[in-house]
Amino acid sequence: MQPMLNIAVRAARSAGEIILRSADKASHLAVDSKGKNDFATEIDRLAEKEIISIIKAAYPEHSILAEESGEHAGNDFVWVIDPLDGTTNFIHGFPQYAVSIALKYKNRIEIGVVYDPLREELFTAKRGGGAMLNNRRLRVTGLTSMKGALIGTGFPFKVPQHLDAYLNMFRAITIDSAGIRRAGSAALDLAYLAAGRLDAFWEIELKEWDMAAGILLVKEAGGVATDFSFNDNYLTSGNLIAGSPRMHQLMYQLIEPHVTPALK
Ligand code: IPD
Ligand code: CA
Ligand code: CA
């Protein structure tokens, strides 16, 4: 898998350069609305094209699932790409966004790369090979109670039908934890969890490309991830709880009473 990880890193860095080059003029870019509160700029598309061309040059027979261009059919290797996670931040010049690239083989995530071009932080993971930030090995935090815990999340702004359930979860976690952060890039939130900068994370209805790379980072840093039914269908449901085994359990206890049938 190392050659594939090298390709993922090369693609992520190259997309990061494209993103950085236009970061100053991001507020002047034409913005398409793909749906309610769902935006893309020409930079999202350019960065995605660059990633796909690097992957296709190395592995023409592989499949691709990319946020902006959708599915490109191929074999059992599937590259899952979010060229710019945190587009709303990017458009506003709010410095928190990343490139996210994962590789699945027969539905199992084998490689995950999350790259923050602003801070030049490269988070990488190989299944069974640990998670790294640049050259440093990552480990989730060893916290054993919600007291003192810093929790990451994303708001369900595209799915308002889940807002009441989310706010109930939010209330329970606000009361018990040290604080909640909504930084605007799920991929980076998960990378930060792997790096011990957050103690746990949850979000409703993420897309596969928001989380595939980040979840492998978390797992390879000693953490666990489940959906809201304590199963591993998070890539399909989009509902995710992640943390160290202990923090995950504590989060699940707070979230579970508010899970509606539609979120199971
Ligand atoms: C979004 C970010 C955000 C999360 C949203 C995603 P995008 O991705 O990851 O943190 O809350 O659900 O859609 O649209 O910026 O690639
Ligand atoms: Ca995203
Ligand atoms: Ca995106």
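See the structure above.
What counts, and at which threshold
Residues numbered from 1 in each chain as written. Chains lettered and ligands numbered in written order. Predicted model: local features only at pLDDT ≥ 70, side-chain atom pairs only at ≥ 80, totals over all residues. Heavy atoms only, no water. Axes fitted to C-alpha atoms, helices over the stretch in contact; angles between N-to-C directions. Helix = DSSP H or I, 4+ residues; strand = E, 2+ residues; numbered from the N terminus. Parallel < 35°, antiparallel > 145°, perpendicular 65-115°, else oblique. Contact = heavy atoms within 4.5 Å. Nonpolar A, V, L, I, M, F, W, Y, C, P; charged D, E, K, R; others polar. Pairing = 2+ DSSP bridges. Donors = N, O, S within 2.8 Å, 3.2 Å for Na, K, Ca; no water. Buried < 20%, exposed > 50% of the residue type's maximum accessible area, 1.4 Å probe, protein only. Near = heavy atom within 4 Å. Polar contact = N/O pair within 3.5 Å; in protein donor to acceptor, adjacent residues only side chain to side chain. Areas by Shrake-Rupley, 256 points an atom, 1.4 Å probe, with all protein chains shown as cover. Domains from an automatic or database assignment.

S.K.: It is not clear to me how the packing of helix H5 (residues 186-194) against helix H6 (residues 208-220) should be interpreted in this structure. Could you clarify?
M.R.: The geometry of a pair of packed helices is captured by two quantities: the angle between their axes and the separation between those axes. For the pair H5 and H6, interaxial distance at closest approach is 8 Å and the crossing angle is 0°. When the axes of H5 and H6 are compared, the pair comes out roughly parallel. Every residue of H6 that contacts H5 at Ala186, Ala187, Leu190, Ala191, Leu193 and Ala194 is listed here: Asp210, Met211, Gly214, Ile215, Leu217 and Val218. Here the residues of the contact of H5 with H6 are counted per class, giving ten nonpolar, one polar and one charged.

S.K.: What's the story with the sheet that holds strand S13 (residues 200-203) in this structure? I'm lost.
M.R.: Backbone-to-backbone hydrogen bonds join strands into a sheet, with any given pair of strands oriented parallel or antiparallel. Taken in spatial order, the five strands make up an open sheet running S12-S11-S13-S15-S14, and their pairing is mixed. Strands with a single pairing partner mark the edges of an open sheet, and in this sheet they are strand S12 (179-181) and strand S14 (224-226). Here the average twist between neighbouring strands, direction ignored, is 20°. Of the strand pairs in this sheet, S14 and strand S15 (residues 240-243) are connected by three bridges, and their pairing is antiparallel. Following the sheet pairing, threonine 226 is matched in S15 by isoleucine 241. Across the sheet, H5 touches strand S11 (150-153), S13 and S15, and the angle it forms with S13 is around 155°. Relative to S15, helix H8 (residues 245-255) is tilted by about 145°, and along the sheet it contacts S11, S13, S14 and S15.

S.K.: How do you make sense of the coordination of the calcium ion (ligand 2) when you look at a structure like this?
M.R.: Reference values for angles at a metal are 109.5 degrees in the four-donor tetrahedral case and 90 or 180 degrees in the six-donor octahedral case. Coordination of the calcium ion (ligand 2) by the protein is provided by Asp82 (OD), Asp85 (OD) and Asp210 (OD), with metal-donor distances spanning 2.1 to 2.2 Å. One chain supplies every donor for the calcium ion (ligand 2), spaced along it as D-x2-D-x124-D. Separating the calcium ion (ligand 2) and the calcium ion (ligand 3) is a distance of 3.7 Å, and aspartate 82 donates to both of them. Relative accessible area serves as the criterion here: at 6%, aspartate 85 is assigned to the buried category.

S.K.: Would you take a moment to explain the site of ligand 1 for this structure?
M.R.: Not every one of the 16 residues close to ligand 1 is listed here, only the nearest: Asp85, Gly86, Thr87, Lys158 and Glu203. Within the contact set of ligand 1, an oxygen atom lies 2.7 Å away from a backbone nitrogen or oxygen of glycine 86. The backbone of alanine 186 places a nitrogen or oxygen atom 3.0 Å from an oxygen atom of ligand 1. Contact with the protein chains removes 93% of the 380 Å² of surface that ligand 1 exposes when unbound. Among the elements that take part in the shell around ligand 1, strand S5 (residues 77-85) stands out by supplying three residues, more than any other. Residue classes in the shell around ligand 1 are distributed as four nonpolar, five polar and seven charged. Here the shell around ligand 1 spans two domains, and each of domain 1 (2-137) and domain 2 (150-263) adds at least three residues to it.

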